[in-house]
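Below, each chain spelled out in residue letters.
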Amino acid sequence: MSGFEIDVRVERGSRGDQPFRLDAKFEAPAGVTVLFGPSGAGKTTLLLAVLGALRPRDGRVGVAGRELFHSERGLNLPVRQRNVGMVFQDALLFPHMDVLRNVIFGMRGSDRRARAREILNRVGADGLADRRPAGLSGGERQRVALARALAAEPAALLLDEPFSALDGGSRESLGRLIVE
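No experiment lies behind these values; they were computed from the predicted model shown.

## So, a positive patch on the surface
Consideration 1: On the surface, Arg 101, Arg 113, Arg 117 and Arg 132 cluster together to form a positively charged patch.
Consideration 2: Relative to the helices and strands, Arg 132 resides in the loop between α3 (112-122) and α4 (138-151).
Consideration 3: What makes Arg 132 partly exposed here is its relative accessible area of 43%.

## Details of the packing of α4 against helix α5 (residues 168-179)
Consideration 1: Between α4 and α5, the shortest axis-to-axis distance is 12 Å and the interhelical angle comes to 0 degrees. Compared by their axis directions, α4 and α5 come out roughly parallel. On α5, the residues touching Arg 143, Leu 146 and Leu 150 of α4 are Ser 170, Leu 174, Leu 177 and Ile 178.
Consideration 2: By residue class, the composition of the contact of α4 with α5 is 5 nonpolar, 1 polar and 1 charged.

## Regarding α4
Consideration 1: Along its 14 residues, α4 runs 20 Å from first to last C-alpha, staying within 8% of the 20 Å computed at 1.5 Å per residue.
Consideration 2: Counting buried residues along α4, 10 of its 14 residues qualify, which places the element largely inside the surrounding structure.
Consideration 3: If you check which residues of α4 are buried, you get Gly 139, Gln 142, Arg 143, Val 144, Ala 145, Leu 146, Ala 147, Arg 148, Ala 149 and Ala 151.
Consideration 4: Those residues of α4 that are buried lie in contact with β6 (84-88), α2 (99-104), α3, β7 (156-160) and α5.
Consideration 5: Where α4 ends, the next residue or the one after it, Glu 153, has phi of about 50 degrees, a positive value.

## Some points on a nonpolar patch on the surface
Consideration 1: Taken together, the side chains of Val 32, Val 34, Phe 36 and Val 179 define a hydrophobic patch exposed on the protein surface, amounting to about 480 Å² of accessible area.
Consideration 2: Of note, Phe 36 is situated in the loop between β2 (20-28) and α1 (43-51).

## Concerning the pattern of salt bridges
A side chain of one charge can pair with a side chain of the opposite charge if their charged atoms are brought near each other.
Consideration 1: For the coordinates displayed, the defined rule picks out 10 salt bridges.
Consideration 2: In this structure, Glu 118 engages Arg 122 in a salt bridge whose closest nitrogen and oxygen atoms are separated by 4.0 Å. In this pair, Glu 118 and Arg 122 are both assigned in helix α3, 4 residues apart and thus about one turn of the helix distant.
Consideration 3: For Glu 172, the salt bridge goes to Arg 176, with nearest N and O atoms at 2.9 Å. With a gap of 4 residues between them, Glu 172 and Arg 176 both fall in helix α5, about one helical turn apart.
Consideration 4: A cluster of three or more residues bridged by salt bridges with shared partners is formed by Glu 5, Arg 60, Glu 67 and Arg 73.

What counts as what
- Residues numbered from 1 in each chain as written.
- Predicted model: local features only at pLDDT ≥ 70, side-chain atom pairs only at ≥ 80, totals over all residues.
- Heavy atoms only, no water.
- Patch = residues over 30% accessible without salt bridge, like charges linked within 9 Å, V, L, I, M, F, W, Y side chains within 5 Å.
- Areas by Shrake-Rupley, 256 points an atom, 1.4 Å probe, with all protein chains shown as cover.
- Salt bridge = Lys/Arg side-chain N within 4 Å of Asp/Glu carboxyl O.
- Lys, Arg positive; Asp, Glu negative; His and termini not counted.
- Charge placed at Lys NZ, Arg CZ, Asp CG, Glu CD.
- Helix = DSSP H or I, 4+ residues; strand = E, 2+ residues; numbered from the N terminus.
- Buried < 20%, exposed > 50% of the residue type's maximum accessible area, 1.4 Å probe, protein only.
- Axes fitted to C-alpha atoms, helices over the stretch in contact; angles between N-to-C directions.
- Parallel < 35°, antiparallel > 145°, perpendicular 65-115°, else oblique.
- Contact = heavy atoms within 4.5 Å.
- Nonpolar A, V, L, I, M, F, W, Y, C, P; charged D, E, K, R; others polar.
- Expected span 1.5 Å × (residues − 1).

Written out as C-alpha cells, the structure reads:
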C-alpha cells in the first residue's frame, strides 16, 4: 500500500446556522496513520469520505496508489469498489447472522469458512462463531467487526474508535495485530 492522498472539502448540514465544513489536505505513507482531535472536529466525516459513504463537495481521495474520488474528473467509486474496510465504534454487525457468517460476508474465494475461523482466532473471538451479535458483549462485538473488516483483505483499514469497549490488554494485542 502506498498510503493516503487526501485533498477534499466536505460540507454537511449542522444543527446551528452554519453548515459544518471540513477542508483536509495531507499525504500519509503506507502504515499506520492516526487522526486525532476534539469531538466534532471532523474525524469521522473524513473517514466516511474516504470510505465513500459521504461525497465530498470537491477534491480528491487516493488510497494505496488508486484514485477513489476526483470531483473534476467526475470519479466517485462506490463503497463496494473502493477496497477500503471500516470498523466503527458501534461495530455494526448484521444482527440476523451468526458471528461466522458476519465474518464470511465480505470474503471472496474458496475455503471462506476455514479462513474466517482463522481470523476469528487471531482476534481472540474463536469461541464466538455460532453466537448472534445480540448475545455478545461490546468488546466481543468489536472483535468480530474487526475480524469481518480484515477478512475482506482491504487495501486500507479505517478505524473509528473500534477499541473503546475493550480492556487495555485487548487493545494492545489487537493494535499489534493491525500493525502486522
